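Chain by chain, the residues run as shown.
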Amino acid sequence: MRIVSILENQKVEKRIAITPDIAKKYISLGFEISLVEKYGEHLGFKDSDYKKLGVKISSNETETLSNADIILQLGLLSEENLLNLKENQTLVGVFNPYDNKEKIENLSKKNINIFSLEMLPRITRAQSMDILSSQANLAGYKAVIESFANFEKAIPMMMTAAGTIPAAKVLVVGAGVAGLQAIATAKRMGAIVFATDVRMASKEQVESLGGKFLTVEGSENLETEGGYAKEASEEFKKKQEDLLTETLKKIDIVICTALIPGKKAPLIIKSYMIDNMQSGSVIYDLAAIQGGNSEFTEVDKIIIKNGVKIMGEANILNKLPVSASNLYSKNVFNFLSNLYDKENKKININLEDEIIKKTLIK
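Each chain carries its own residue numbering, running from 1 in the written order of its sequence. For this predicted model, a pLDDT threshold of at least 70 governs which residues receive local features, and a threshold of 80 or more governs which side-chain atom pairs are given and counted, while totals over whole chains, interfaces and linings are taken from all residues. Heavy atoms from the whole structure form the basis of all side-chain values; hydrogens and water molecules are not counted.

Asker: Can you tell me about the overall build of the chain, naming the residues and giving the values?
Answerer: Numbering of helices and strands starts at the N terminus; helices are DSSP runs of H or I of at least 4 residues and strands are runs of E of at least 2. The helix and strand tally for the chain stands at 12 helices and 17 strands. We compute the radius of gyration from the C-alpha atoms alone; for a globule the expected value is 2.2 Å times N to the 0.38, where N is the number of residues. Its C-alpha atoms give the chain a radius of gyration of 22 Å, within 12% of the compact-globule value 21 Å for 362 residues. Projected onto the principal axes, the alpha-carbon positions of the chain cover approximately 65 × 45 × 35 Å. Whether two residues are in contact is decided by their heavy atoms, any of which lying within 4.5 Å being enough. Across the chain, every contact between residues at least 6 apart in sequence was considered, and the portion connecting residues at least 24 apart equals 63%.

Asker: Run through the environment of Tyr 272, naming residues and quoting values.
Answerer: By the element assignment, Tyr 272 lies in helix α10 (residues 271–275). With 125 residues separating them along the chain, Tyr 272 and Ser 147 place their C-alpha atoms 21 Å apart. Discounting chain neighbours no more than four positions away, the residues touching Tyr 272 are Glu 241 and Thr 245. We define a polar contact as two N or O atoms separated by no more than 3.5 Å, with the added condition that, inside protein, one atom must be a possible hydrogen donor and the other a possible acceptor, whereas residues neighbouring each other in sequence contribute only through side-chain atom pairs. Separated by 3.0 Å, the side chains of Tyr 272 and Glu 241 make a polar contact.

Asker: Residues and numbers for the side chain of Asn 331, please.
Answerer: Along the chain, Asn 331 falls in helix α11 (residues 321–339). Those residues within four positions of Asn 331 in sequence are excluded, and the remaining contacts are Ser 128, Met 129, Asp 130, Ile 131 and Ser 134.

Asker: Describe the packing of helix α6 (residues 131–150) against α11, listing the residues and the values that go with them.
Answerer: Helices that pack against each other are described as a pair by the angle of their axes relative to one another and the distance between those axes. Comment: axis = line fitted to C-alpha atoms, over the contacting stretch for helices; angle = value between 0 and 180 degrees taken between N-to-C directions. Relative to each other, α6 and α11 sit at 170 degrees, their axes nearing to 9 Å. Taken together, the axes of α6 and α11 lie roughly antiparallel to each other. Handedness of the α6/α11 crossing: right-handed. Of the residues in α11, those in contact with Ile 131, Ser 134, Gln 135 and Leu 138 of α6 are Ser 323, Ala 324, Leu 327, Tyr 328 and Asn 331. Residue composition of the contact of α6 with α11, grouped by class: five nonpolar, four polar and no charged. We call two directions roughly parallel when the angle between them is under 35 degrees, roughly antiparallel when it is over 145, roughly perpendicular when it lies between 65 and 115, and oblique otherwise. Should the near helix be turned anticlockwise from the far one by less than a right angle, the crossing is left-handed, and should it be turned clockwise, the crossing is right-handed. Just so you know the grouping, Ala, Val, Leu, Ile, Met, Phe, Trp, Tyr, Cys and Pro go in nonpolar, Asp, Glu, Lys and Arg go in charged, and all remaining residues, Gly too, go in polar.

Asker: Talk me through α6; I want residue IDs and the actual numbers.
Answerer: Every α-helix carries 3.6 residues per turn, so stepping three or four residues along brings you back to the same face. Look at α6: 28 Å from first C-alpha to last across 20 residues, which is about the 28 Å you get at 1.5 Å a residue. Burial classification: accessible surface area is computed with a 1.4 Å probe over protein chains only, and a residue below 20% of its type maximum counts as buried, one above 50% as exposed, and the rest as partly exposed. Within α6, 15 of the 20 residues are buried, which leaves it mostly tucked inside the rest of the structure. Expected span of a helix: the number of residues minus one, times 1.5 Å.

Asker: Tell me about the sheet that holds strand β5 (residues 90–93), residues and numbers included.
Answerer: Two strands form a pair only when DSSP identifies at least two bridges running between them. What the six strands build is an open sheet, ordered β3-β2-β1-β4-β5-β6; its pairing is parallel. Looking along the sheet, the strands with just one partner apiece sit at the ends: β3 (56–58) and β6 (113–116). With direction set aside, neighbouring strand axes in the sheet form an average angle of 20 degrees. As defined by bridge partners, strand β1 (residues 2–5) adjoins strand β2 (residues 32–36) across four bridges and the pair is classed as parallel. Within β2, the position partnered with Val 4 by the bridge is Ser 34.

Asker: Pulling in residues and values, what's your account of the environment of Tyr 284?
Answerer: When you line up the elements, Tyr 284 lands in strand β13 (residues 282–285). Taking the C-alpha atoms as reference points, Tyr 284 and Val 144, 140 residues apart in sequence, are found 7.9 Å from one another. When sequence neighbours within four positions are dropped, the list of residues in contact with Tyr 284 reads Ala 143, Glu 146, Ser 147, Val 254, Ile 255, Cys 256, Met 311, Gly 312, Glu 313 and Ile 316.

Asker: Any chance you could break down the packing of aromatic side chains for me, citing the residues and the numbers?
Answerer: Pairing of aromatic side chains requires ring centres within 6.5 Å, counting the rings of Phe and Tyr and the six-membered ring of Trp. Pairs whose planes differ by under 30 degrees are stacked, by over 60 edge-to-face, and all others tilted. Per the counting criterion, the structure on display carries five aromatic pairs. With a centroid separation of 6.0 Å and an interplanar angle of 85 degrees, the aromatic rings of Tyr 26 and Phe 31 are classed as edge-to-face. Between Phe 31 and Tyr 340 the ring centres are 4.2 Å apart and the planes differ by 40 degrees, which places this aromatic pair in the tilted class. Separated by 309 residues along the polypeptide, Phe 31 in the loop between α1 (20–28) and β2 and Tyr 340 in strand β16 (residues 340–341) bring together distant segments of the chain. Comparing Phe 31 with Tyr 340 shows no difference in burial state: the two are buried. Here the aromatic cluster, defined as three or more aromatic residues joined through ring pairs, consists of Tyr 26, Phe 31, Phe 333 and Tyr 340. Over the ring of Phe 296 we find Lys 305, and its NZ or CZ is 4.8 Å from the ring centre. Whether a charge sits over a ring depends on NZ of Lys or CZ of Arg being within 6 Å of the ring centre and within 35 degrees of the ring normal.

Structure, rendered in structure tokens:
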């Protein structure tokens, strides 16, 4: 069976789905690998690195796709490339079925198997395939680095002969994978860290990393069976707003990570809260692409309101594309290993397997 991958639109996505190390693993399983020219060159992976492993390099993108049995990508292919796909091919990536319903419906008419990995169930067996967690870890880390770079004061406490510089105070909104990594990174760099989340189960995790968990009085545990946050009640939102309003007066840096799968990001930090923040503070909004947790967030812009810098990017992982590609390609390999019947050398779509059933979107 032949696995192929082509470059994503480089303006929006620099990650790749097959690194040389992972190409070697696929070949050892008996797959043929075919990639387009300069597939990994922008990340330092030369065509020659792939060729010496036995990977075929093609200059024809259309031909590469049409000869594939399995296509591995980050996002959905362009309209033109989708038209070139053939019946019974298998497409694996992160396809956002909520926003791409029409394109996915059209592909299903060709009997193309589409697996979208953000739909993986939160079960132990799927952890090695969990692309959301691996990428969110990096995003949480990088959000802290980016926000600290835009904060014009020192982060750790420093005692000098001229006086003491106090440690920066960081608030992490949302203590999922990205939030927990943000807490750990900020703490390692010497900040005083606070965190808030609608899931009470996060309290212990936050405190184990040295952060202080801010609890809304009379909190309810707003967690789905899959481990994601769910929408809060209006009463809870009001209590959370009151707590945040007071807390933000003394915070220097805010890292926003709150997302609800398939929905617009919840608006948590409102205009009047920002008005009460200290001038020179920074808000880094990881939810920017889904509308943002902050009222003034704009994708790929730094907005300044009342002296507060508010920033968020369409794809922060483009700033860590090598690390992100290494983790993503391993996740995909683990997923495909579960999907592949090695003995009969074919894809086995076993709908009794929860991992396969939940990720097969058409």
